[in-house]
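As a plain string of letters, each chain reads:
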Amino acid sequence: MQPLNFQRNVIDDLVSTFKKLWNQPQSQIPIVFKSPTGSGKTFMTSSFINEMVEQPDWSVDICWIWITFSDDLAMQSRDKFAADFRQTL
């Protein structure tokens with residue numbers, strides 16, 4: 001699935017912001033990502049993670065931790081991540 005224009009902008013902004021914050025001397029700087037229901041937050045987040053893994057100028061090892069409030073949300077997110085990842089192969 002290809003991102004819509006606004007999703008592409010968000011993904012690019014997330015990559016840029018993450019890279020800028022990574023080199024800051026402070027630790028544990030939060031990035032808050034808010035978007036309306038149905039806008040594709042899980043898709044944009046999985047696309048952001050996939051893009052960070054593929055960045056040619058990024059050789060830092062990163063571990064991603066996905067936290068949800070219920071088992072149902074965890075399984076729904078897992079399924080969406082898996083589907084999005086398969087489509088990018």
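Please read all numbers here as calculations on a predicted model, not as lab measurements.

The rules behind each value
- Residues numbered from 1 in each chain as written.
- Predicted model: local features only at pLDDT ≥ 70, side-chain atom pairs only at ≥ 80, totals over all residues.
- Heavy atoms only, no water.
- Helix = DSSP H or I, 4+ residues; strand = E, 2+ residues; numbered from the N terminus.
- Expected span 1.5 Å × (residues − 1).
- Buried < 20%, exposed > 50% of the residue type's maximum accessible area, 1.4 Å probe, protein only.
- Polar contact = N/O pair within 3.5 Å; in protein donor to acceptor, adjacent residues only side chain to side chain.
- Contact = heavy atoms within 4.5 Å.
- Salt bridge = Lys/Arg side-chain N within 4 Å of Asp/Glu carboxyl O.

## Examining helix α2 (residues 41-54)
And then number 1: Taking 1.5 Å of rise per residue, 14 residues should cover 20 Å, and α2 covers 20 Å from first to last C-alpha, within 8% of that figure.
And then number 2: Along α2, 10 of the 14 residues are buried, which leaves the element largely enclosed by surrounding structure.
And then number 3: The set of residues buried in α2 consists of T42, F43, M44, T45, S46, S47, F48, I49, N50 and M52.

## Considerations on the side chain of S46
And then number 1: By the secondary structure assignment, S46 is in helix α2.
And then number 2: Judged by its relative accessible area of 2%, S46 is buried.
And then number 3: Looking at S46, its side chain comes within polar contact range of the main-chain oxygen of F43, at 3.0 Å.
And then number 4: Excluding its chain neighbours within four sequence positions, the residues that come into contact with S46 are F81 and D84.

## Here's the deal with the environment of W58
And then number 1: Counting through the fold element by element, W58 comes out in the loop between α2 and α3 (71-88).
And then number 2: Residue classification places W58 among the buried residues on the basis of a relative accessible area of 13%.
And then number 3: For the pair W58 and S35, spaced 23 residues apart in the sequence, the C-alpha separation amounts to 27 Å.
And then number 4: Those residues in contact with W58, other than ones at most four positions away along the chain, are F18, K19, W22 and M52.

## Remarks on the pattern of salt bridges
And then number 1: Going through the model one piece at a time under the given rule, you end up with four salt bridges.
And then number 2: Where D57 meets K19, a salt bridge forms, and the shortest distance between an N and an O atom there is 2.7 Å. Of this pair, D57 sits in the loop between α2 and α3 while K19 sits in helix α1 (residues 5-22); the two residues are 38 residues apart in sequence, bridging distant segments of the chain.
And then number 3: By relative accessible area, which is 18% here, K19 ends up buried.
And then number 4: Here the residues in one salt-bridge network are R8, D12 and E51, joined through shared partners.

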